[in-house]
Amino acid sequence: MSAQPTLPTICKTNHLSLEEFANVISLLFEPTALLTQRIYDARPYESYDQLLDKADELIKELSPLEQLEVVNAHPRIGEKASKLSALSKMEQGKASANEDAILAKWAELNKKYEDKYGFRFVIFVNGRSKESLFPIVEERIANSTKNQELLTGLSEMVDIARDRARKLQAASLADGNAPSPKI
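Residues numbered from 1 in each chain as written. Predicted model: local features only at pLDDT ≥ 70, side-chain atom pairs only at ≥ 80, totals over all residues. Heavy atoms only, no water.

A. Spotlight on helix α5 (residues 64–71). Along α5, the positions that sit buried rather than exposed are Gln67, Leu68, Val70 and Val71. The buried side chains of α5 occupy one side of the element, clustering within an arc of 160 degrees when seen end-on. (Buried < 20%, exposed > 50% of the residue type's maximum accessible area, 1.4 Å probe, protein only. Helix = DSSP H or I, 4+ residues; strand = E, 2+ residues; numbered from the N terminus. Arc of directions from axis to C-beta.)

Okay, here's the thing in structure tokens:
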């Protein structure tokens, strides 16, 4: 049995109830009913790549308030493990020797970022350590705008979802499931 969940074929996903579809989408994006409903309503999809392309398009069409709802569904970097999804825990990596200091620094940076922009900082961690991201968030706090940060955060969420889909599909293949056939 694999250590992470797997994705059903896209054909099966296209035929799931909204509740079951939401469970699949929450593997790719942190749970948000608004985004899930929009992606669900746009079915069918020929592939997860097409689903994610449509999700990216739908996110860009949301109102600014709806975009805030979507970006704020994402957990903070340095959040307590109990508040993270299983995939977010894996993405944010293992605790290091100086984890308490790192988490304290993230709490400070998250507060500065959220005080300035009004929403959560999102970045595609992509295997980087939590401390290696400090200069990136500091630069974005110092030199960006609210609109640019919102667009960047939403784009990063789609990048995260694409990476998760790739890994979950690979896990599905490793578990002996056939690749996703077309509709």
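Resuming the write-up.
B. Local environment of the packing of helix α3 (residues 33–41) against helix α4 (residues 48–61). Packing of α3 against α4 brings their axes to within 10 Å, and their N-to-C directions diverge by 125 degrees. Classified by the interaxial angle, the pair formed by α3 and α4 is oblique. Between α3 and α4 lies a crossing of right-handed hand. When α3 is examined against α4, the residues Leu35, Arg38 and Ile39 are found in contact with a partner set consisting of Leu51, Ala55, Leu58 and Ile59. Considered class by class, the residues forming the contact of α3 with α4 number six nonpolar, no polar and one charged. (Axes fitted to C-alpha atoms, helices over the stretch in contact; angles between N-to-C directions. Parallel < 35°, antiparallel > 145°, perpendicular 65-115°, else oblique. Left-handed = near helix turned anticlockwise from the far one by under 90°. Contact = heavy atoms within 4.5 Å. Nonpolar A, V, L, I, M, F, W, Y, C, P; charged D, E, K, R; others polar.)

C. Broad picture of the packing of aromatic side chains. Enumeration over the complete set of coordinates arrives at seven aromatic pairs. Where tyrosine 113 meets phenylalanine 119, the ring centres are 6.0 Å apart and the plane angle is 80 degrees; that geometry is what we call edge-to-face. Here tyrosine 113 and phenylalanine 119 have matching classes, each one buried. Members of the aromatic cluster, connected to one another through ring pairs, are Trp106, Tyr113, Tyr117, Phe119, Phe121 and Phe134. (Phe/Tyr/Trp six-rings, centres within 6.5 Å; stacked < 30°, edge-to-face > 60°.)

D. Broad picture of the environment of glutamate 139. Counting through the fold element by element, glutamate 139 comes out in helix α8 (residues 134–143). Taking relative accessible area as the criterion, glutamate 139 reaches 45% and is therefore assigned partly exposed. In this structure the side chain of glutamate 139 is engaged in a polar contact, spanning 2.7 Å, whose partner is the side chain of asparagine 143. (Polar contact = N/O pair within 3.5 Å; in protein donor to acceptor, adjacent residues only side chain to side chain.)

E. Examining the nonpolar core more closely. If you look at the biggest cluster of nonpolar residues, it comprises 48 residues, and the most contacted ones within it are Leu7, Leu28, Phe29, Ile39, Leu51 and Trp106. Counting residues per element, the ones that place at least two in this core are α2 (18–28), α3, α4, α5, α7 (99–117), α8 and α9 (146–174). Looking at this core element by element, the count peaks at eight residues for α9. In contact with phenylalanine 29, not counting residues within four places along its chain, are Leu35, Ile39, Leu52, Ala55, Ile59, Met157, Val158, Ala161 and Arg164. (Core = buried A, V, L, I, M, F, W, Y, C linked by side-chain atoms within 4.5 Å.)

F. Geometry of unusual backbone geometry. In this chain, arginine 43 is followed by proline 44 through a cis amide linkage whose omega measures 5 degrees. In this structure, proline 44 sits in the loop between α3 and α4. The phi dihedral of asparagine 126 falls on the positive side, at around 50 degrees, and the residue is not glycine. Note that asparagine 126 resides in the loop between α7 and α8. On the accessibility criterion, asparagine 126 (51% relative accessible area) is exposed.

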